[in-house]
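A structural walkthrough
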Amino acid sequence: MQDVAIIGAGQMGAGITQYLAMNNINVTLIDYKESNIKRASGAIRNSLNRLLSKEKISELDLVGIQDRIHYSTALSSCSEMDLVIEAIPEEIEKKEQLLIELNGILNEHTIVATNTSSLSITKLGTLFKDPTRVIGLHFFNPAVIMPLVEIIRGLETSKETVDKVTSFIGNINKEPVFVQDRSGFIVNRILIPMINEAFFVLQDGIATAEEIDKAMKLGSNQPMGPLELADFIGLDTCLSIMETLHINFGEDKYRPAPLLRKYVEANRLGRKTKKGIYTY
Ligand SMILES: NC(=O)c1ccc[n+]([C@@H]2O[C@H](COP(=O)([O-])OP(=O)(O)OC[C@H]3O[C@@H](n4cnc5c(N)ncnc54)[C@H](O)[C@@H]3O)[C@@H](O)[C@H]2O)c1
């Protein structure tokens, strides 16, 4: 798989694009908002310049990486790709609508991967003309650095599709884990309820945000505190994942913290809106 399209030029889409281009893949990054394409191309340029100044890549590498990245606002640009990875927001209606649109665009061999953090791969697969070619490929944030990719097989995903993406993940030097199609997969099923609990601790006035983050960093050896991490992931994404876990497992332990919901209502989404738990 040499030609890949990423749909959604947000934090994940931009990061995956940069990482793939750094690993010799031709990537087309697609977003329906020109402004978000500009933001993503600026973020990629800045990140590459930082790597250059630290001598992690050469001038020649930088030119090659940038040459392998193409930007587009037209969904039709992904028609001839080997692999399409969608990284649009964690909202089921938006993702379903996108899969329906892709039916009329993609050829008969393109594999469709979703970077969803919690939604059902099987359900998304039913919207595509060939569910055997739909799979979950869950990259982590920041995609340029985090080594893990969860590979999630939907009920109808074929072995051929699993084999192709597994060898692709190996070729780009990421570490795969294979997970059943259950909400949150491995990492978010464990991580996001922990973040949600940190919002309950804050809401109950048990400690300040700084104290909660300091306690978890120094007391459980985590590199970032849970609230700092929530700002990094995006509070809207955290809330969507908690809601999906709550609906799908039907257990009270997954109920979203009211304070998390309140922050999302206030558009305090974290780093991406420059204000979340902390101000940036
Ligand atoms: N943020 C994280 O830490 C993280 C980590 C792993 C996985 N994910 C998952 O990755 C996905 C994207 O998350 P994000 O944080 O990058 O989101 P984001 O909000 O930063 O970016 C989403 C982008 O998608 C674009 N978009 C929306 N609908 C579109 C459409 N129909 N066609 C083209 N572009 C469209 C938006 O304009 C936006 O630029 C979600 O499913 C999320 O759960 C996020």
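Described below are features of the structure shown in this document. (Residues numbered from 1 in each chain as written. Predicted model: local features only at pLDDT ≥ 70, side-chain atom pairs only at ≥ 80, totals over all residues.)

1. Some remarks on the environment of Ser-167
Note the threshold: Elements are defined by DSSP. Helices are runs of H or I of four residues or more, strands are runs of E of two residues or more, and each kind is numbered from the N terminus. Exposure classes come from backbone-placed C-beta atoms, where a residue is buried if 20 or more other C-beta atoms lie within 10 Å of its own, exposed if 12 or fewer do, and partly exposed in between.
Mapping Ser-167 onto the fold places it in helix α6 (residues 159-171). Ser-167 sits in the exposed class, given 10 other C-beta atoms within 10 Å.

2. Quick word on the site of the ligand
Put simply, the test is: We count a residue as near a molecule or strand when its backbone-placed C-beta atom lies within 6 Å of that partner. For this scheme, ten residues count as nonpolar: Ala, Val, Leu, Ile, Met, Phe, Trp, Tyr, Cys and Pro. Four count as charged, namely Asp, Glu, Lys and Arg, and the remainder, Gly too, count as polar. The split into domains, and so the bounds of each, comes from an automatic or database assignment of domains.
As a matter of local geometry, the ligand sits amid 28 residues, with Gly-8, Gly-10, Met-12, Ser-117 and Asn-141 nearest to it. Of all the secondary structure elements, the ones that give two or more residues to the shell around the ligand are α1 (11-22) and α4 (92-103). For the shell around the ligand, the leading source of residues is α1, giving three residues. Across the shell around the ligand, the residue classes break down as twelve nonpolar, eleven polar and five charged. Taken together, domain 1 (3-179) and domain 2 (189-273) each give at least three residues to the shell around the ligand, which thus spans both.

3. Some thoughts on the sheet that holds strand β5 (residues 111-114)
As a reminder of what qualifies: For two strands to count as paired, DSSP must find a minimum of two bridges between them. Axis angles are defined between N-to-C directions and span 0 to 180 degrees, where every axis is a line fitted to C-alpha atoms and, for a helix, only to the segment in contact. Once C-beta atoms are placed from the backbone, any two residues with those atoms within 7 Å are in contact.
Ordered by their spatial adjacency, eight strands build an open sheet running β3-β2-β1-β4-β5-β6-β7-β8, and the pairing between neighbours is mixed. Looking at strand neighbours, the two that pair on one side only are β3 (69-72) and β8 (175-179), the edges of this open sheet. Each strand of the sheet is rotated relative to its neighbour by a mean of 25°, with strand direction disregarded. Across the face of the sheet, α4 comes into contact with β1 (3-7), β4 (83-86) and β5 while running at roughly 160° to β4. Sheet strands touched by α6: β4, β5, β6 (134-139), β7 (148-153) and β8. Its angle to β7, the strand with the most contacts, is close to 175°.

4. Re the pairing of β1
Applicable threshold: When the strands point away from the viewer, a crossover counts as right-handed if the route from the first strand across the helix to the second turns clockwise.
Taking burial as the measure, the five residues of β1 include four buried ones, the bulk of the element. One ladder, built from five bridges, connects β1 with strand β2 (residues 26-30); its direction is parallel. Following the sheet pairing, Ile-7 is matched in β2 by Ile-30. Assessed by its sense of winding, the connection that carries the chain from β1 through α1 to β2 is right-handed. Relative to β4, β1 runs parallel, the two sharing four bridges. Within β4, the position partnered with Ala-5 by the bridge is Val-84.

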